[in-house]
Amino acid sequence: MAGVEVVNVFTCKNAGGNPCPVVMDAAGLDPAAMQEVARQHGHESGFILPAEDDTHDFRFRFFVPNHEMEMCAHATVGALWVLAKHGRLPASPVRIATASGSVAGFVFAAESGTVSVEITQPAGRAVPLSPDQAGNVLAALGVGRENLADLPLHNAVTSRVKTLVPMRDPERLHALVADPVAVEAVCRRIGSTGLYPYAIVDGEARVFEARQFPRSSGYPEDAATGIAAAALAFGLLHDRTIAANDRPIRVYQGRAMGSLSEITVRLGFAGDRAIGCLLGGAVAPMTDLARAVAKVGR
């Protein structure tokens, strides 16, 4: 399996994050071979291909073990980091073609050598679930309404639809035990690609915790889901849980999996109208993280 580089994306203090295999020169791979990379690694995988027109610098494709995805934020961030590492980036912003549309990437190198990455996402929208839909979602998560905050359940979307479930507190969030079969069934019924229960940690500081139970990816839970965090930001704006400004929103995910991730979202406005967001986080090579984990273990 030549050319696969595994990085961890949306790390928190150089640990945690979501592992992401990246193939930098994927032009020779057909879709079956790309899916096989994802299947062998057991994670969302990103594939970098030459652009097909003059309006883009690259074309990215994304696979999970079970299928191809239109867009994967953490694989996009990880792929940009790998390109930067190998000196393959053009001038910023980087113009990327994906199956869900064009994405711009911004890569910044600090004097310390640390590289930070942000990508654009379009303006999101949020649609409340019906009472029956909400009841089915809660059944899949194995909780009653007494465990919820006084906020609606939404289907929210920037690039992919995620179902936002407002938990009363982080403790109830991390105690969830979802039924993968029921999650897939309810997601298909309501047109969602994953359930994204979340809890407010500090509303004033715009800090949240979340978990992602995907519809049908080949694994039961994600340690970091950038597309869901972007959808959450627009759901929070819709509910007026956050004010309409560009202060960073921080979403921590993966704590229940023992792999804490940190995702940052900054909403963009034209006047008082939200027109999109920047989604970003830190990336670390898998080898560095393995050494950090080993050191902690000792």
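Model, not experiment: these values are computed from the prediction. (Residues numbered from 1 in each chain as written. Predicted model: local features only at pLDDT ≥ 70, side-chain atom pairs only at ≥ 80, totals over all residues. Heavy atoms only, no water.)

Draft legend 1. The state of the cysteines, seen in detail. Under the criterion given, the structure shown has zero disulfides. Between Cys-72, a free cysteine, and Cys-20, which holds the nearest cysteine sulfur, the sulfur-to-sulfur gap is 6.1 Å. Residue Cys-72 is classed as buried on the basis of its relative accessible area, which comes to 5%. Among the cysteines around Cys-187, which has no disulfide bond, Cys-72 carries the closest sulfur, lying 16 Å off. (Disulfide = S-S within 2.5 Å. Buried < 20%, exposed > 50% of the residue type's maximum accessible area, 1.4 Å probe, protein only.)

Draft legend 2. The arrangement of the environment of Leu-153 in detail. Position of Leu-153 among the secondary structure elements: in the loop between α3 (131–141) and β10 (154–157). Note on Leu-153: relative accessible area 6%, which makes it buried. Along the chain, Leu-153 and Thr-163 lie 10 residues apart, while their C-alpha atoms are 7.1 Å from each other. (Helix = DSSP H or I, 4+ residues; strand = E, 2+ residues; numbered from the N terminus.)

Draft legend 3. Focus on the packing of aromatic side chains. The final tally for this structure, using the stated rule, is three aromatic pairs. Between the aromatic rings of Phe-58 and Phe-60, the centroid separation amounts to 6.4 Å while the plane-to-plane angle is 35°, which identifies the pairing as tilted. A relative accessible area of 2% places Phe-60 in the buried class. Among the aromatic residues, ring-to-ring pairing joins Phe-58, Phe-60 and Phe-62 into one connected group. (Phe/Tyr/Trp six-rings, centres within 6.5 Å; stacked < 30°, edge-to-face > 60°.)

Draft legend 4. Broad picture of the side chain of Ser-259. Inspection of the secondary structure assignment puts Ser-259 in the loop between β15 (249–253) and β16 (261–270). With relative accessibility at 18%, the residue Ser-259 sits in the buried group. Apart from residues no more than four positions distant in its own chain, Ser-259 is found in contact with Gly-16, Gly-17, Ala-223, Gln-253 and Gly-254. (Contact = heavy atoms within 4.5 Å.)

Draft legend 5. Here's a closer look at the pairing of strand β11 (residues 161–166). Most of β11 is tucked away, with five of its six residues classed as buried. Pairing geometry for β10 and β11, over four bridges, is antiparallel. What sits directly across from Val-157, in β11, is Val-161. The turn joining β10 and β11, which pair antiparallel and follow one another in sequence, is formed by three residues. Of the pairings in the sheet, the one linking β11 to strand β12 (residues 194–202) comprises four bridges and is parallel in character. Bridge pairing in β12 places Leu-164 opposite Tyr-196. (Pairing = 2+ DSSP bridges.)

Purely geometric numbers; function is a separate question.
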